Amino acid sequence: MDLRIFTEPQQGASYETLLSVAKATEDLGFDAFFRSDHYLPMGSADGLPGPTDAWITLAGLARETKRIRLGTLMTAGTFRLPGVLAIQVAQVDQMSGGRIELGLGAGWYEEEHQAYGIPFPQEKFARFEEQLAIVTGLWETEAGKTFSYDGTYYQLTGSPALPKPAQAKLPVLIGGHGAKRTPRLAARYADEFNIPFATLEDTATQFGRVRTALTEAGRGPDDLVYSNVLIVCVGKDDAEVARRAAAIGREVDELKANGLAGSPAEVVDKIGQYAAVGSSRMYLQVMDLDDLDHLELISAQVQSQLS
């Protein structure tokens, strides 16, 4: 089971805070540092000092880390034109020496679009499918050849399809709970399928749908990495768990029901249950980015039992 650290900077984090977490992620032996792609906080958070852009952040971290994978869960398809996104991600992959992964989604948070003047189209999923075709098509085009695309929403003519990522195949992550279109797109374009904040039962059901879609697309059912995102709140004793839960405005019982919470032994056991239904990678949603002791505990007493 790979353990990756997942952050939500729109809730309130500077680049320096994210850098500290990324460096701890690397030093403590975790597999990757990922971040969300949002410009407006959710719930009661004030979001101070203000949003940071996902790909500018990852470009900085690409130069200030050495080993960990870096990526997004998920880049909002509404934020960037697909040709521009392909250039940005390829460049950051080059800057990192080939450690970037692109999680791409259709976009959903209408209020942040209104707040920053970003168009919020109604036909997001159809656009998302074209975006996937364009981004992957540009990267896959042989050097010296051109790429064209004539879609409903996007048209590209004679693109040189440059630059290329450093990786021969930059991993693309697709995720979600959709029963039909999401598994179909994952089967066509993804290297990893991720389901966020799902129960064991829902995880098993959705993984099954993706496996069926892969078979129908002529791929093997194990061609993808299957992963989960769950909030994490670990403590060496009940008092520490309660303190960490209070710091993020959550209740311990609710966190245990819906996330990875409790003692290291409890969290290891629950991760094992997700592994049993097919997950091989867990993104740990860390909400208190100032609590680096939390990451140290997870590394020493959770990750050590899973590696």
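Whatever comes next refers back to the structure up there.
A brief structural summary. (Residues numbered from 1 in each chain as written. Predicted model: local features only at pLDDT ≥ 70, side-chain atom pairs only at ≥ 80, totals over all residues. Heavy atoms only, no water.)

### Concerning the nonpolar core
Then step 1. Core analysis: the largest hydrophobic core is formed by 73 residues, its most contacted members being Trp-55, Trp-139, Ile-174, Leu-284 and Val-302.
Then step 2. The biggest single contributor to this core is helix H5 (residues 124-140), with 8 residues.
Then step 3. Formed by 7 residues, the second largest nonpolar core is a distinct cluster that contains Phe-34, Leu-173, Val-229 and Tyr-283. (Core = buried A, V, L, I, M, F, W, Y, C linked by side-chain atoms within 4.5 Å. Buried < 20%, exposed > 50% of the residue type's maximum accessible area, 1.4 Å probe, protein only. Helix = DSSP H or I, 4+ residues; strand = E, 2+ residues; numbered from the N terminus.)

### Brief notes about the side chain of Thr-25
Then step 1. If you trace the backbone, Thr-25 turns up in helix H1 (residues 15-27).
Then step 2. With relative accessibility at 0%, the residue Thr-25 sits in the buried group.
Then step 3. For Thr-25, the contacting residues outside a window of four places in its chain are Ile-5, Phe-30, Ala-32, Phe-33, Arg-67 and Ile-68. (Contact = heavy atoms within 4.5 Å.)

### Overview of H5
Then step 1. Here H5 contains 17 residues, and its C-alpha end-to-end distance of 24 Å stays within 8% of the 24 Å for a straight helix at 1.5 Å per residue.
Then step 2. In terms of residue burial, H5 counts as a mostly covered element, since 13 of its 17 residues are buried. (Expected span 1.5 Å × (residues − 1).)

### Concerning the packing of aromatic side chains
Then step 1. Scanning the entire structure with this criterion turns up 7 aromatic pairs.
Then step 2. Measuring from ring centre to ring centre gives 4.6 Å for Tyr-39 and Phe-79, while their planes differ by 15 degrees; the resulting arrangement is stacked. Highlighted residues: Tyr-39 in the loop between strand S2 (32-35) and helix H2 (54-64) and Phe-79 in the loop between strand S4 (75-76) and helix H3 (82-96), separated in sequence by 40 residues.
Then step 3. Accessibility expressed as a relative area gives 14% for Phe-79, which makes it buried.
Then step 4. Ring centres 6.4 Å apart and planes at 80 degrees place the aromatic pair Phe-193 and Phe-207 in the edge-to-face group. Here Phe-193, found in strand S9 (residues 192-196), pairs with Phe-207, found in helix H7 (residues 200-216); they are 14 residues apart in sequence, far enough to count as distant.
Then step 5. Among the aromatic residues, those joined into a cluster by ring pairs are Tyr-39, Phe-79 and Tyr-116. (Phe/Tyr/Trp six-rings, centres within 6.5 Å; stacked < 30°, edge-to-face > 60°.)

Functional significance is not addressed by these values, which are geometric in nature.
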